[in-house]
Amino acid sequence: MQFGLDFGLVEELVAGVDEVGRGPLCGPVVTAAVILDPARPIEGLNDSKKLSEARREALFDEICEKALAWCVARAEVEEIDQLNILHATMLAMQRAVEGLSVVPRLALIDGNRCPQLAVPSAPVVQGDAQVPAIAAASILAKVSRDREMQALDLVYPGYGLAGHKGYPTPLHLEALQRLGPTPIHRRSFAPVRTLIERAELSVTALAPAALV
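Read on for a plain summary of the structure. In this text, all values refer to a predicted model and were calculated from it rather than measured experimentally.

About the cut-offs
- Residues numbered from 1 in each chain as written.
- Predicted model: local features only at pLDDT ≥ 70, side-chain atom pairs only at ≥ 80, totals over all residues.
- Heavy atoms only, no water.
- Helix = DSSP H or I, 4+ residues; strand = E, 2+ residues; numbered from the N terminus.
- Buried < 20%, exposed > 50% of the residue type's maximum accessible area, 1.4 Å probe, protein only.
- Pairing = 2+ DSSP bridges.
- Axes fitted to C-alpha atoms, helices over the stretch in contact; angles between N-to-C directions.
- Phe/Tyr/Trp six-rings, centres within 6.5 Å; stacked < 30°, edge-to-face > 60°.
- Lys NZ or Arg CZ within 6 Å of the ring centre and 35° of its normal.
- Core = buried A, V, L, I, M, F, W, Y, C linked by side-chain atoms within 4.5 Å.
- Contact = heavy atoms within 4.5 Å.

## Notes on unusual backbone geometry
In the Ramachandran plot, Asn84 falls in the positive-phi region, its phi being about 90 degrees despite a non-glycine side chain. Along the chain, the position of Asn84 falls in the loop between helix H2 (77-83) and helix H3 (85-98). What makes Asn84 partly exposed here is its relative accessible area of 34%. Notably, Lys165 is not glycine yet its phi reads approximately 60 degrees, a positive angle. Take Lys165: its relative accessible area is 13%, and that puts it in the buried class.

Below, the structure is given as structure tokens:
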């Protein structure tokens, strides 16, 4: 694939940063930062959403092996509910960059805004399709989060987490209605919040009768 941006920094220490998991109703938001090694190129880097699961898994291992430095970080459900999803994502990106074993000279962030960092940074809209390091970061973040959601599917069966990874699919929404929210569901997200509020109203409505 041809990447369209040339920042004149191919040989420099540039970190690509991306996130996965802003839209789901449950689970953490996961980010990654990657500094690629120009001496060890990786073929086939692309936006993780455009790759098959098998290809992502293979590239995950290759990126971990060949990159100069990489770090996967996260913001937990409690932080998402406390800060909101945007600020929690920025926090997780900050953690990913700070967790790199090599300090980058520049961090290129997928999207239209940057977290507060101790190094220079720049946003790149659709960066995972334009900047190899951001594409690599998107792969590490997605594979890491997908693996976690598959494991959580065993802890919270019936919601289909291994399939939809927490996104608000009809199957997930139906399971939420039937089973109720789990501890990993984001209370600040409307479908989950509405269910909780309805349950609280039901308890309140029944309370006087229970006291008679």
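## Observations regarding the sheet that holds strand E5 (residues 121-124)
Ordered by their spatial adjacency, five strands build an open sheet running E3-E2-E1-E4-E5, and the pairing between neighbours is mixed. The open sheet has two free edges, formed respectively by strand E3 (69-75) and E5, since each of these has just one partner strand. Between one strand axis and the next, the sheet turns by 20 degrees as a mean value, whatever way the strands run. The sheet contact formed by strand E1 (residues 14-20) and strand E4 (residues 106-110) spans four bridges and is parallel. When the sheet's bridge partners are listed, Val17 is paired in E4 with Ile109.

## Structural notes on the packing of aromatic side chains
Scanning all chains against the criterion turns up zero aromatic pairs. If you follow Arg147 out to its NZ or CZ, it ends over the ring of Phe60, 4.4 Å from the centre.

## Some remarks on the nonpolar core
Of all hydrophobic cores here, the largest spans 26 residues; its most connected members are Val34, Leu36, Leu45, Leu59, Ile63, Leu108 and Ile139. Of all the elements in the fold, those that place two or more residues in this core are E1, strand E2 (29-35), helix H1 (53-66), E4 and helix H4 (132-155). Ranked by residues supplied to this core, first place goes to H4 with nine residues. Beyond its immediate stretch of four places on either side in the chain, Leu59 contacts Ile42, Glu43, Gly44, Leu45, Leu51 and Ile139. Counting 18 residues, the second-largest nonpolar core is a separate cluster that includes Leu25, Ile85, Leu161 and Phe189.

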